[in-house]
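As a plain string of letters, each chain reads:
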Amino acid sequence: MLSIKHTLFLVSGSSSFIIFYMGIVNYITSPDKSTGIILLIFSVLVAIGTLLATVYISKSITKPIEKLAYNMAEFSKINKISKKNMIKTNVKKIFELNENFKSMGDKVERTIEVQMEYVKKLKEIDKRKVEFSSMVSHELKTPLVPILGYVQMLQKEDLFGKLNEKQREAVDEIYLSTIKLQRLVGDILTTQKLDLGKLVFEKDNLTVLELLQDIIKEFSPIASERKIKLSTNFNGDVHIFSDKDRINQVFSNLIKNAMDFVSPNTGIIEIGVNDKDTEKLEFFVRDNGTGISSDHQKDIFKKFYQIDTSSSRKRSGSGLGLAICKGIIEGLNGKMWVKSEKDVQTTFYFEIPKKSTIVSIKNISK
Ligand SMILES: Nc1ncnc2c1ncn2[C@@H]1O[C@H](COP(=O)(O)OP(=O)(O)O)[C@@H](O)[C@H]1O
Ligand SMILES: [Mg+2]
């Protein structure tokens, strides 16, 4: 693309040449030599005048405009106004344009500085907040160990003597509440570890069939107690290199959720695998429960998000389960998503690499 300066010189150069050429043609063809000379001198003067005017226009208009355009391009790159290329012009509008650009640039520079300062402060506050709640969670976890220990000792008659029925009921209630509290503190700690990128993954060679069968075995007693059908579609021979405990934790969370949302007697939960990729393996947990409406589907992976938050709801929970599942799967370099049809079925999917890849722990606080 031609610059303004070159275009200007090209146009004025060709016009001067044409004027000069016409002067010469007039001089040669004119019958009256003195008129020819006058026309030739006139055309030479006009051509020189045109060239001089072009030089003046170039200096006072095009050069400042080009400098301004260059300064603007630099500014958009480095967000700072370069003081090197000062513009000198006595054309009022260009002078004003340059002054406006400088004041706008100063304002943008200051706004960016203020924003950077805010971002720095917010990051610091966020870090301190996570460190503080991590410390609190640890302090909560430690006393729970002796509480649980003593409650379990009280439940055993041969240690502290026989309890009457009311005492027994009270101790059982303390036991259940302590377990819930312990789980909640555990979930908060796991969430924080994921936030800080400190959750450790231990990978090993895993046989997928064994992994699924162990999960079914673990949940079969509670499923049959509630008359819920729990099964797997998988019977293949697939091996992956991943973290067994963390995958179990994800399945466990998804199955516990599913059990809460299917009806006893008619509830069906299916866990399984879709092996359709050489690199990744897709797992799923499907239930025929209440389903999740599409407005809620995008939010359920957020920390503390629960669809039913009414005080009359039957199930307990902190709303951290799915955020943790997603954080773990992303930490294993995979991804997690849900598909659901209200009152028909819900399927949670997650896919993870079959082979070892570098573990990158992502922040789940977004
Ligand atoms: N299988 C499911 N069917 C219907 N709703 C579900 C299912 N799984 C999760 N949800 C919804 O997603 C919310 C978040 O789940 P989760 O993060 O595990 O928290 P919590 O189980 O502690 O409530 C649940 O409160 C529930 O409303
Ligand atoms: Mg849950």
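Residues numbered from 1 in each chain as written. Chains lettered and ligands numbered in written order. Predicted model: local features only at pLDDT ≥ 70, side-chain atom pairs only at ≥ 80, totals over all residues.

What to know about the nonpolar core
Move 1: In this structure, I255 and I269 are the most contacted members of the largest nonpolar core, which totals 36 residues.
Move 2: Of all the secondary structure elements, the ones that give two or more residues to this core are α6 (208–225), α7 (244–261), β4 (268–274), β5 (280–287), α9 (321–331) and β7 (345–353).
Move 3: Looking at this core, the element that brings in the most residues is α7, giving seven residues.
Move 4: Once residues within four sequence positions are removed from consideration, I255 is found in contact with F219, I269, I271 and V285. (Core = buried A, V, L, I, M, F, W, Y, C linked by C-beta atoms within 7 Å. Buried ≥ 20, exposed ≤ 12 C-beta atoms within 10 Å, placed from the backbone. Helix = DSSP H or I, 4+ residues; strand = E, 2+ residues; numbered from the N terminus. Contact = placed C-beta atoms within 7 Å.)

With respect to the packing of helix α3 (residues 92–155) against helix α5 (residues 165–196)
Helix-helix packing: each pair is described by the crossing angle between the helix axes and the interaxial distance.
Move 1: Running from amino to carboxyl end, α3 crosses α5 at an angle of 155°, the nearest separation of the two axes being 9 Å. Of the possible angle classes, the one that applies to α3 and α5 is roughly antiparallel. Seen along the crossing, α3 lies across α5 with a hand that is left-handed. Facing α3, whose interface residues are V130, S133, S134, S137, L140, K141, L144, I147, L148, V151, L154 and Q155, α5 presents V171, I174, Y175, T178, L181, Q182, V185, I188, L189, Q192, D195 and L196. (Axes fitted to C-alpha atoms, helices over the stretch in contact; angles between N-to-C directions. Parallel < 35°, antiparallel > 145°, perpendicular 65-115°, else oblique. Left-handed = near helix turned anticlockwise from the far one by under 90°.)

Some thoughts on the site of ligand 1
Move 1: The immediate surroundings of ligand 1 are formed by 20 residues, with N257, I307, G317, G321 and L322 found nearest.
Move 2: Breaking the shell around ligand 1 down by element, the ones donating at least two residues are α7 and α9.
Move 3: Among the elements that make up the shell around ligand 1, the one with the highest residue count is α7 (four residues).
Move 4: Its residues assigned to classes, the shell around ligand 1 shows eight nonpolar, 10 polar and two charged. (Near = placed C-beta within 6 Å. Nonpolar A, V, L, I, M, F, W, Y, C, P; charged D, E, K, R; others polar.)

Structural notes on the sheet that holds β5
Move 1: The strand order across the open sheet formed by five strands is β2-β4-β5-β7-β6, and the pairing between neighbours is mixed. On the outer flanks of this sheet lie β2 (229–232) and β6 (335–341), each paired with one strand and no other. Averaged over all neighbouring strand pairs, the angle between strand axes comes to 15°, with direction disregarded.
Move 2: For β4 and β5, the ladder comprises six bridges, and the chain directions are antiparallel. When the sheet's bridge partners are listed, I269 is paired in β5 with D287.
Move 3: α7 rests against β4, β5 and β7 of the sheet, and its axis sits at about 20° to β5.
Move 4: Docked against the sheet, α9 engages β6 and β7, running at close to 140° with respect to β6. (Pairing = 2+ DSSP bridges.)

Some thoughts on the environment of T89
Move 1: For T89, the position within the fold is in the loop between α2 (33–78) and α3.
Move 2: As for T89 and Q249, which are separated by 160 residues in sequence, their C-alpha atoms are 71 Å apart.
Move 3: Apart from residues lying up to four places away in sequence, T89 is in contact with S60, P64, I94 and F95.

Section: the pairing of β5
Move 1: Counted between consecutive antiparallel strands, the loop separating β4 from β5 contains five residues.
Move 2: Where β5 and β7 come together, eight bridges link them in antiparallel fashion. By the bridge assignment for β7, K280 is matched with P353.

Observations concerning the domain arrangement of the chain
Move 1: Split into domains, the chain comes out as domain 1 (4–90), domain 2 (122–196) and domain 3 (204–353).
Move 2: Taken over C-alpha atoms, the centre of domain 2 sits 25 Å from the centre of domain 3.
Move 3: Listed as interface residues are six residues of domain 2 and, on the opposing side, eight residues of domain 3.
Move 4: Partitioned by chemical class, the residues of the side of domain 2 that touches domain 3 number two nonpolar, two polar and two charged. (Domains from an automatic or database assignment.)

Regarding the confidence of the model for the chain
Move 1: Scored by pLDDT, the chain has a mean of 89; 96% of the residues are at 70 or more.
Move 2: Throughout residues 358–363 the model reports pLDDT below 50, and contacts reaching past four residues in sequence, or to other chains, amount to 12 contacts. (pLDDT = per-residue confidence, 0-100.)

A few points about the packing of helix α1 (residues 4–29) against α2
Move 1: Where α1 contacts α2, the two axes come as close as 8 Å, and the packing angle between them is 175°. One way to sum up the angle between α1 and α2 is to call them roughly antiparallel.
Move 2: Among the residues making up the contact of α1 with α2, the classes are represented as 18 nonpolar, 11 polar and two charged.

Considerations on α6
Because an α-helix packs 3.6 residues into every turn, residues spaced three or four apart end up facing the same way.
Move 1: Between its terminal C-alpha atoms α6 stretches 26 Å, which fits the 26 Å expected from 18 residues at 1.5 Å a residue.
Move 2: Remark: the principal bend of α6, roughly 45°, maps to F219, with a proline, P221, within the next four residues.
Move 3: Listing the buried residues of α6 in full gives V208, L212, I215, F219 and A223.
Move 4: Just downstream of α6 lies K227, where phi reads positive at about 55°. (Expected span 1.5 Å × (residues − 1). Bend = angle between axes of the 7 residues up to and from the residue.)

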